[in-house]
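Okay, here's what each chain looks like letter by letter:
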Amino acid sequence: MNILAKAAFWALDYAYIGIRQLDAGRSRATLARYRSGDSAPIVLLPGIYEAWQFLRPVADALHEGGHPVHAIQALGRNRRPVADAARIAAEYLAREDLHGVILVAHSKGGLIGKYLMMSAGSRDRIDRMVAIATPFSGSSLAKYTVLPSLRALSPTDPMVRLLVDEQFVNARITSVYGAFDPHIPDGCSLPGATNVALAASGHFRIVGDRGLISAVTAACGDDGTVGSPHE
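**Q** Where do I start with the packing of aromatic side chains in this structure?
**A** Each pair of aromatic rings is reported with the distance of its centres and the angle of its planes. Inspection of every chain in the model, using the stated rule, returns two aromatic pairs. A centroid spacing of 5.8 Å and a plane angle of 85° characterise the contact between Y34 and W52, whose relative ring orientation is edge-to-face. Residue Y34 is located in the loop between helix 1 (3-26) and strand 1 (42-45), and its partner W52 is located in the loop between strand 1 and helix 2 (56-64); the two are separated by 18 residues in the primary sequence. Side by side, Y34 and W52 carry an identical accessibility label, which is buried.

Below, the structure is given as structure tokens:
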């Protein structure tokens, strides 16, 4: 992909997140309408600076498929460190007494989800995770930002290194990502997981892609059959 094409994807990605963030700010969607359903419970874990409404295209499809969908409002815009955010999520799972949970995460949310799956207090409540555009090995672009919350996504960050080294939960993770991600040049493939590479590109706007929504709903199927893990 040439430089002009990459620049175009950057622009489209930022335009998409800008529009979606505005929509989230004025959205009247309430969580109560998502709580019905007899299939496995879904818990949304959005990315950094994202409200839960950013994942509405996925949430709508999963709810229509019979899944009750939960969002953790206490996470806010998800600026906390991974361990702190995971603690808040674990408290929510315990308070709601959820079992057989499928985590559906975007970007940093996938790091929080993997940490949850590794944690003794919550891992027995979680069946699997579907992670969208998650920098499981960090992003080399993180070092160019001055914001601590973004620099924490560096490949050299201790939390990122911990998550890379611990691989025993990887077989229960499906990592879905685009052909080109302007924010994660290092890629989102996770060893031992089910890796699904899409034809679409983007970090944010891929959330609304039909192929992405189909891949996520397939990975959340009640029979748990999503294909053989591969790298």
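**Q** Would you mind going over the packing of helix 2 against helix 7 (residues 210-219) with me for this structure?
**A** What describes two packed helices is the angle between their axes and the distance between those same axes. Between helix 2 and helix 7, whose axes approach to 10 Å, the crossing angle comes to 45°. Judged on the interaxial angle alone, helix 7 and helix 2 are oblique. For the pair helix 2 and helix 7, the crossing hand works out as right-handed. Note on element contacts: helix 7 touches helix 2 through L212, I213, V216 and T217, opposite P57, V58, A61 and L62.

**Q** What should I look at first to understand helix 4 (residues 108-118) in this one?
**A** Helical geometry note: an α-helix holds 3.6 residues per turn, so side chains three or four residues apart project in the same direction. When you tally the buried positions in helix 4, you get ten out of eleven residues, the bulk of the element. Those residues of helix 4 lying buried are K108, G109, G110, L111, I112, G113, K114, L116, M117 and M118.

**Q** Would you take a moment to explain the confidence of the model for the chain for this structure?
**A** In low-pLDDT regions, the fine details of the predicted coordinates are not to be read closely. Of all residues in the chain, 83% have pLDDT values of 70 or greater, and the mean over the chain is 87. Here residues 222-231 is modelled with pLDDT under 50, and outside its nearest four sequence neighbours on either side it reaches 23 contacts, counting other chains as well.

**Q** Just to check I follow, could you spell out the pattern of salt bridges for this structure?
**A** It is possible for side chains of opposite charge to pair when their charged atoms get near one another. Evaluated as defined, the whole model comprises six salt bridges. Residues D60 and R33 are paired through a salt bridge, measuring 3.7 Å at the closest nitrogen-oxygen approach. Within this pair, whereas D60 is found in helix 2, its partner R33 is found in the loop between helix 1 and strand 1, the two being separated by 27 residues in sequence. Classification of R33 as partly exposed rests on a relative accessible area of 42%. D97 is paired through a salt bridge with R125; the nearest N and O atoms lie 3.2 Å apart. Separated by 28 residues along the polypeptide, D97 in the loop between helix 3 (82-95) and strand 3 (101-106) and R125 in the loop between helix 4 and strand 4 (126-132) bring together distant segments of the chain. Residue class for R125 comes out buried when judged on its relative accessible area of 16%.

How each quantity is defined
Residues numbered from 1 in each chain as written. Predicted model: local features only at pLDDT ≥ 70, side-chain atom pairs only at ≥ 80, totals over all residues. Heavy atoms only, no water. Phe/Tyr/Trp six-rings, centres within 6.5 Å; stacked < 30°, edge-to-face > 60°. Helix = DSSP H or I, 4+ residues; strand = E, 2+ residues; numbered from the N terminus. Buried < 20%, exposed > 50% of the residue type's maximum accessible area, 1.4 Å probe, protein only. Axes fitted to C-alpha atoms, helices over the stretch in contact; angles between N-to-C directions. Parallel < 35°, antiparallel > 145°, perpendicular 65-115°, else oblique. Left-handed = near helix turned anticlockwise from the far one by under 90°. Contact = heavy atoms within 4.5 Å. pLDDT = per-residue confidence, 0-100. Salt bridge = Lys/Arg side-chain N within 4 Å of Asp/Glu carboxyl O.

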